[in-house]
Amino acid sequence: MKAEFPDIYGDVLAGRISSLRKALVIAGLKPQRTRLEKLKNSWAKATPGEREGFLTWLTISGVLPTASQSPVADTASLPPLPAGAPIASGRYLLPSTITRIKAIMAKRRLKPDDVMGEMGFLSDGQSLARALAKNASLRLAVIAGLEAWLRTHED
């Protein structure tokens, strides 16, 4: 590259081009990777937990079908939520609660934005999606709203 593309080589050394791969693409020595190739590469490098979280996010986002393929789509197989039973530990949803919420969402074909709207919150489904996919924390007001929402939607 130093001999054939001195300008690009100089840009790499000066830090104006951040990687050798980018320099090779600019020089035309390597093809630019497509988004699909990048996704495949990232998938191969992801941990099993990251893969599961990504698939859950796709399902919650409505990208993947839920009714026929989701293992949690059947709410009839879930026991009713006992009165006074906690749905969270502090600001984190319990695994059984996550399963229950996902089942109701799949049955009713809801997205996290829809659930937040039904509870009376602004349509910020991202926090709920993160809580369901990655066990992220939620505001206590959202947890209280989810508790009431779950009791309303029990079969």
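Scoring rules and cut-offs
Residues numbered from 1 in each chain as written. Predicted model: local features only at pLDDT ≥ 70, side-chain atom pairs only at ≥ 80, totals over all residues. Heavy atoms only, no water. Phe/Tyr/Trp six-rings, centres within 6.5 Å; stacked < 30°, edge-to-face > 60°. Helix = DSSP H or I, 4+ residues; strand = E, 2+ residues; numbered from the N terminus. pLDDT = per-residue confidence, 0-100. Contact = heavy atoms within 4.5 Å. 1 Å grid on protein atoms, 1.4 Å probe; cavity = no way out; pocket = protein on both sides within 12 Å on 5 of 7 lines; lining within 4 Å. Points joined across faces, edges and corners; volume = space filled by probe spheres on them. Nonpolar A, V, L, I, M, F, W, Y, C, P; charged D, E, K, R; others polar. Patch = residues over 30% accessible without salt bridge, like charges linked within 9 Å, V, L, I, M, F, W, Y side chains within 5 Å. Areas by Shrake-Rupley, 256 points an atom, 1.4 Å probe, with all protein chains shown as cover. Salt bridge = Lys/Arg side-chain N within 4 Å of Asp/Glu carboxyl O. Buried < 20%, exposed > 50% of the residue type's maximum accessible area, 1.4 Å probe, protein only.

## Details of the packing of aromatic side chains
Throughout the structure, instances matching the rule amount to one aromatic pair. Geometrically, the ring pair formed by Trp43 and Phe54 is edge-to-face, given 6.3 Å between the ring centres and 65 degrees between the ring planes. Separated by 11 residues along the polypeptide, Trp43 in helix α3 (residues 35–45) and Phe54 in helix α4 (residues 48–60) bring together distant segments of the chain.

## Some remarks on the confidence of the model for the protein
Across the protein, pLDDT averages 83, with 88% of residues at or above 70. Per-element mean pLDDT across the protein ranges from 80 in α4 up to 93 in helix α1 (residues 6–14). A low-confidence stretch, residues 67–73 stays under pLDDT 50, and its non-local contacts, those more than four residues away or across chains, total nine contacts.

## Some points on the layout of surface pockets
Empty space within the second largest pocket amounts to approximately 170 Å³. In terms of lining residues, the second largest pocket is bounded by Leu39, Lys40, Ser42, Trp43, Ala46, Glu50, Arg51 and Phe54. At the level of elements, α3 and α4 are the ones that each hand at least two residues to the lining of the second largest pocket. Of the residues in the lining of the second largest pocket, the class split is four nonpolar, one polar and three charged.

## Here's the deal with a nonpolar patch on the surface
Among the surface-exposed residues, Trp43, Phe54, Leu55, Trp57, Val63 and Leu64 lie close enough to one another that they form a single nonpolar patch of about 530 Å² accessible area. Sorting elements by how many residues they give to the nonpolar patch places α4 first, with three residues. What makes Trp43 partly exposed here is its relative accessible area of 35%.

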